Amino acid sequence: MRRLAAACWRHPVVVVLSLGAAVLGVGQQAVAPLVVRLAVDDAVAGTTTRLGWLIGALVGIEVLTFVTAFLRRYLGGRLALDVQHDLRGQVFAAVQRLDGGKQDELRTGQVVSRSISDLNQVQGLVMMVPYALGNIAFVLVAVGAMLWLSPLLTVIALIVVPAVVYVALRSRKTLFSATWHAQQQAADVAQHVEETVTGVRVVKGFGQEGREINGLEARARRLFSLRMRAARLTARPTATLGAMPLFGQIAVLGLGGWLAMNGQVTLGTFLAFASYVTGLLGPARFLASAMVTAQVTKASVNRVDELIDSQPDVRDGGEDVPEGPLAVELDDITFGYARSEPVLAHVSLSVEPGETLALVGTAGSGKSTVSLLLPRFYDVHNGAIRVGGVDVRQLKLHSLRNAVGVVFEEAFLFSETIRGNIAYGRPDATEAEVEEAARAAEAHEFIQALPDGYETTVGERGLTLSGGQRQRIALARALLSAPRVLVLDDATSAVDAVTEAAIHDTLKAVTAQRTTLLVAHRRSTLALADRIAVLDGGGVVDVGTEAELNERCALFRELLAGPGEAIEDTAPVDLASAELWPEVAPEEPDVPNLVPLSEATEQPDLSPDTIGTGRKFGLASLLRPVRWALVLVGALVTVDALSSMALPALVRFGVDDGVTRGALGALWVATGLGAGIVVVNWINARLETVLTARVGERLLYALRVRSFTHLQRLGLDYYERELAGRIMTRMTTDVDALSTFLQTGLVTAAVSALTIVGIAVALLVTDIGLALVAMTAIPFLAVATYFFRKASSEAYAQARERVSVVNADLQENVSGLRVTQAFTREQHSAREFGERSLAYRSSRLRAQRYIATYFPFVALLSGVAQAAVLAVGAYRVANGDLSAGALLAFQLYLGLFFAPVQQLSGVFDGYQQAMVGLKRIGELLTTRSSIVPPSAPVAVPSTLRGEIELRDVTFRYEGAATPALDRVSLHVRARRRTWALVWSAAPARPSRRW
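The structure reproduced in this document is the subject of the present report. This is a predicted model, so every value here is computed, not measured.

## Focus: the overall build of the protein
Thinking step 1. Scanning the protein for helices and strands turns up 30 helices and 12 strands.
Thinking step 2. Residue pairs in contact within the protein that sit at least 24 positions apart in sequence constitute 82% of those at least 6 positions apart.
Thinking step 3. For the protein, the exposed area adds up to about 42700 Å²; of that, 58% sits on carbon and sulfur atoms.

## What to know about the sheet that holds strand β6 (residues 404-407)
Thinking step 1. Across the sheet, six strands lie side by side as β6-β7-β8-β3-β9-β10; this open sheet has mixed pairing. Each edge of the open sheet is held by one strand with a lone partner, namely β6 and β10 (539-544). Ignoring which end each strand starts from, the neighbouring axes of this sheet average 20° apart.
Thinking step 2. Inspection of the sheet shows strand β3 (residues 356-361) paired to strand β9 (residues 531-536) by five bridges, in the parallel sense. Residue L357 lies in a different strand from β9, and its bridge partner there is R531.
Thinking step 3. Helix α20 (residues 554-561) rests against β3, β9 and β10 of the sheet, and its axis sits at about 95° to β9.

## Topic: the sheet that holds strand β5 (residues 390-391)
Thinking step 1. Strand order in the open sheet formed by four strands is β2-β1-β4-β5, with antiparallel pairing between adjacent strands. Either end of the sheet is taken by a strand with one partner, and the two such strands are β2 (344-351) and β5.
Thinking step 2. Summarising the sheet, strand β1 (residues 328-335) and β2 pair through five bridges and their orientation is antiparallel. If you follow E329 over to β2, its bridge partner there is S350.

## Points about the pattern of salt bridges
It is possible for side chains bearing opposite charge to pair when their charged atoms get close.
Thinking step 1. Per the stated rule, a full pass over the model turns up 26 salt bridges.
Thinking step 2. Across the pair R386 and D331 runs a salt bridge, and its minimum N-O distance is 3.0 Å. Of this pair, R386 sits in strand β4 (residues 382-387) while D331 sits in strand β1, placing them 55 residues apart in sequence.
Thinking step 3. Residue classification places R386 among the partly exposed positions, given a relative accessible area of 24%.
Thinking step 4. Where salt bridges share partners, they join R78, D82 and R841 into one cluster.

## Remarks on a nonpolar patch on the surface
Thinking step 1. On the surface, a nonpolar cluster with roughly 330 Å² of combined accessible area is contributed by V59, V63, V67, L71 and V864.
Thinking step 2. By the element assignment, V864 lies in helix α29 (residues 826-879).

## Topic: the packing of helix α10 (residues 209-261) against helix α23 (residues 664-713)
Thinking step 1. Where α10 contacts α23, the two axes come as close as 8 Å, and the packing angle between them is 165°. As far as their axial angle goes, α23 and α10 are roughly antiparallel. Note on packing geometry: the crossing formed by α10 with α23 is right-handed.
Thinking step 2. Taken together, the residues of the contact of α10 with α23 sort by class into 30 nonpolar, nine polar and 12 charged.

## What about helix α17 (residues 467-481)?
Since the α-helix advances by 3.6 residues per turn, residues separated by three or four positions end up pointing in the same direction.
Thinking step 1. Here α17 spans 22 Å end to end across 15 residues, near enough to the 21 Å set by a 1.5 Å rise per residue.
Thinking step 2. Within α17, 13 of the 15 residues are buried, leaving the element largely enclosed by the surrounding structure.
Thinking step 3. Trailing α17 by a residue or two, A482 shows a phi angle of about 50°, which is positive.

## Details of the side chain of S837
Thinking step 1. Within the element layout of this structure, S837 appears in helix α29.
Thinking step 2. S837 gets classed as buried once you look at its relative accessible area, which sits at 1%.
Thinking step 3. Only 2.9 Å separates the side chain of S837 from the side chain of R88, close enough to count as a polar contact.
Thinking step 4. Beyond its immediate chain neighbours, meaning those up to four positions away, S837 contacts H85, R88 and V806.

## Let's talk about the side chain of Q84
Thinking step 1. Along the chain, Q84 turns up in helix α4 (residues 51-96).
Thinking step 2. When near neighbours in sequence (up to four residues on either side) are disregarded, Q84 contacts L119, N120, Q123 and Y840.

## Structural notes on the nonpolar core
Thinking step 1. With 85 residues, the main nonpolar core has L374, I422 and F556 as its most contacted residues.
Thinking step 2. Ranked by residues supplied to this core, first place goes to α17 with seven residues.
Thinking step 3. Ignoring any residue separated from it by four or fewer positions in sequence, one finds L374 in contact with V328, I385, V387, V392, L400, V404, V485, V487 and L517.

## Observations regarding unusual backbone geometry
Thinking step 1. Phi is positive for D605, close to 55°, though the residue is something other than glycine.
Thinking step 2. For D605, a relative accessible area of 66% corresponds to the exposed category.
Thinking step 3. For D952, which is not a glycine, the phi torsion comes out positive at approximately 55°.
Thinking step 4. Locating D952 in the fold gives a position in strand β11 (residues 948-955).

## Quick look at the environment of A437
Thinking step 1. Assignment of secondary structure puts A437 in helix α15 (residues 431-440).
Thinking step 2. Judged by its relative accessible area of 6%, A437 is buried.
Thinking step 3. Measuring from C-alpha to C-alpha, the distance between A437 and I473 comes to 8.9 Å, with 36 residues separating the pair along the chain.

## As for α10
Thinking step 1. Here α10 contains 53 residues, and its C-alpha end-to-end distance of 76 Å stays within 8% of the 78 Å for a straight helix at 1.5 Å per residue.
Thinking step 2. Maximum bend of α10: about 30°, positioned at T234, with proline P237 one to four residues after it.
Thinking step 3. Of the residues flanking the end of α10, it is G263, one or two places downstream, whose phi is positive at about 75°.

## Some details on the pairing of strand β7 (residues 485-489)
Thinking step 1. In terms of burial, β7 is a largely internal element, five of the five residues being buried.
Thinking step 2. Where β6 meets β7, four bridges bridge the pair, whose relative direction is parallel. Bridge pairing links V406 to V487 in β7.
Thinking step 3. Here β7 runs beside strand β8 (residues 515-519); their pairing, made up of five bridges, is parallel. When the bridges of β8 are listed, V485 appears paired with T515.

## Considerations on the packing of aromatic side chains
Thinking step 1. Counted by the stated rule, this structure contains 13 aromatic pairs.
Thinking step 2. A centroid spacing of 5.4 Å and a plane angle of 55° characterise the contact between F335 and Y378, whose relative ring orientation is tilted. With F335 in strand β1 and Y378 in the loop between α12 (367-373) and β4, the pair connects residues that are 43 residues apart, well separated along the chain. Comparing F335 with Y378, the two get one shared label, buried.
Thinking step 3. Put simply, the rings of F412, F414, Y424 and F823 pair up and form one aromatic cluster.
Thinking step 4. A cation over a ring is seen here: R818 above F377, with NZ or CZ 5.3 Å from the ring centre.
Thinking step 5. Sitting over the face of the ring of Y424, R825 holds its NZ or CZ atom 4.6 Å from the ring centroid.

Basis of the calculations
Residues numbered from 1 in each chain as written. Predicted model: local features only at pLDDT ≥ 70, side-chain atom pairs only at ≥ 80, totals over all residues. Heavy atoms only, no water. Helix = DSSP H or I, 4+ residues; strand = E, 2+ residues; numbered from the N terminus. Contact = heavy atoms within 4.5 Å. Areas by Shrake-Rupley, 256 points an atom, 1.4 Å probe, with all protein chains shown as cover. Pairing = 2+ DSSP bridges. Axes fitted to C-alpha atoms, helices over the stretch in contact; angles between N-to-C directions. Salt bridge = Lys/Arg side-chain N within 4 Å of Asp/Glu carboxyl O. Buried < 20%, exposed > 50% of the residue type's maximum accessible area, 1.4 Å probe, protein only. Patch = residues over 30% accessible without salt bridge, like charges linked within 9 Å, V, L, I, M, F, W, Y side chains within 5 Å. Parallel < 35°, antiparallel > 145°, perpendicular 65-115°, else oblique. Left-handed = near helix turned anticlockwise from the far one by under 90°. Nonpolar A, V, L, I, M, F, W, Y, C, P; charged D, E, K, R; others polar. Expected span 1.5 Å × (residues − 1). Polar contact = N/O pair within 3.5 Å; in protein donor to acceptor, adjacent residues only side chain to side chain. Core = buried A, V, L, I, M, F, W, Y, C linked by side-chain atoms within 4.5 Å. Bend = angle between axes of the 7 residues up to and from the residue. Phe/Tyr/Trp six-rings, centres within 6.5 Å; stacked < 30°, edge-to-face > 60°. Lys NZ or Arg CZ within 6 Å of the ring centre and 35° of its normal.

On their own, these measurements won't tell you what the molecule is for.
Next up, the structure:
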């Protein structure tokens, strides 16, 4: 948490102003009961001479509170968003600097989870800090005023403080451990979604949708059980911390009433004291909630810090690559991805400037590993790699990677235009240079045939293009960068033979001018090589020309002796026994200070098929399957609200029937009833916490599984349109927002709303005249609410759309990290990511500005109404038209009315985010698949035999002007033959038949 505090202090002006506004604004609220005390004492004494001045002072306090509350909320929200933006940038920068070894350990879903869920948790805590400090200031001022009014009453009221501290300290480590394990499992769920979405072609190609759904369901069940364990562990301390101040209030009622009966304190002092104790209920509940939030956030901060602190093993050198043509030398190098299992052992090779060396060998011989060592994605364990005569470990990474261009076997494209992908390494390249590179890679013709030509935006990873098209764009990208050393790792494996021959003609001219290293998997590639190195078992078997190796190298002859173009010897695989889809248990990193916990075993027991089955998906249809559980939760919420409203009524009974009449028995009856209500409230709060969590987590479990199941039903066209990061946002950010609201916000809103309604009824029952005065603020409140909801809903929708762009950008940059590093685009990517993050921050800050204006305005209306009630009530008490107990109860009720309004202000932020998230999830669930299910489906036999026929098939990708297949007919008869489809890379021509 020290790191989080340091992150906040990077914005010292905002920190000081927000905290100062919180302390001043909430602290000055503690002065109001002293003013009320003077007005009540004057009224009881039958005078109102100072009433006008006192009411003016109260109104002035409320106006100042409005100004400071606006500053606290707006600046506090800005601080939270600034810290979140800073940490998001640090996470991105940390990922960008990871080397090959750290990238191998990297789990994209974990990174995305930490940058979404964990950073949202951090934002929520930072936003609470100014208000928490303001509450602390209120407590200090209130305690000071209480000590001044009556030291004895203060001791009685605060006797529960040691118990509060004890409960908080005792539960701290347990809550941290429980929430940490739940956060880790949430990240594992995100990881599963990410892997399945990015690997959707493999999943669908092998028909493994059911397997992936089962995997997600198992992880979601585990997440449910862990979060329910955390809820059960949270329930007791939360209920205890909420009940302690209530016990203090009851103690004040008994002792304060007795002191008032004996004339040791005035009724005004008693009211002020009761107001202070009532006012402490809100801060006590808030601080109890903040304590739980702090423990959850501590786990999130640890996970974020773990990623930010990760350092690469490959360290930057201090020299630039020498000028001119470059030779490459591998000098007795040894390397293994695990040191105990070397992939290359004592390998020595040299490539002269302008020479092309091809690497061939058996599978696993280390050919592709050489292509990763040269640009220093990894460092050798022994020996040295030299470029231009200089050990690569002494060279600056930026200089080395500018000099060494790599075309990977798997061509990764970013979700931007084709022009942007080709010019990725040289953003300043002219159009003519881009087209020249595309022509050299034989890509210009198919690019021109696309609807928007070079301005065509490719899908994520270039999935809207064929494998051969992606490879040609990746090759053009490398050629445009004009590296002095070119590394080609089977860069034409996915193109047809005619196109490959044309590319090779260009490459012969290109490689003649630079040092080239080829990783060859096909015979045709060898025509480009001046010399060939044969590798086997991590060592060099022989080096020479193709003719020399044919004459003297038996392994080379064996590699070329096989059928077809492949020259890589692969070991046979026993498909009957091979485990193609192994289950891998998620690794859980070691974190210190985790305490042992009971086993989490509770299961959700809710079918995902029951979620949102109505005509229109929304909150009502989402809650329908758990409506009876919600009824029970609603009953508990009602008990919570009634217990809060019962205490002022007991105060009135104790004052009017006990203190005023000198009836000690009535006072003790009121005190005893109050103690009983507090016990009921403690039991109720504990049950409410667990049951609310169970309802929320059951719904979220079912919603996750149903959303994921629907994703598996959608066709590939959906994944080509939607970025994986946007899909991840729906499955993480939107679901998390809904989770927070269902488990905390919904109950808080229900309690607050019931309390407000109940207080309104109690006010009418207590005195209808004073109630009418208090309710004059309602029309103003209704108008303000209308405009606020309209403006804030638009801001939240925009913010959610922009955060999905941020998440998509992060996910794509993590997936394409090696390409980014190969073309030294880390700073450019970080700058673009930062701009997107800032755009989200600005829209989110606009929503925060609306919140910072509306809710302080509501509090101002409440305060002004309270001042008006005091003015009318004090005048009536002085004239004998109203009892002192009724005025005391009325003031306490209005004090209780203020706390729920403030609680609703905190809930509304979560409500808006949850509703936007729910809408986006609903859009996903109502998306129809392009794959239309058959009207009369036929079961697939266990063994497929027979003819295959395509009859006049036409197919066009969405948005494409030219069909990919146009009236194609193909009839494969039931014979033991293998058919090969050979197709030109040119645009499809009409009616091909076999």
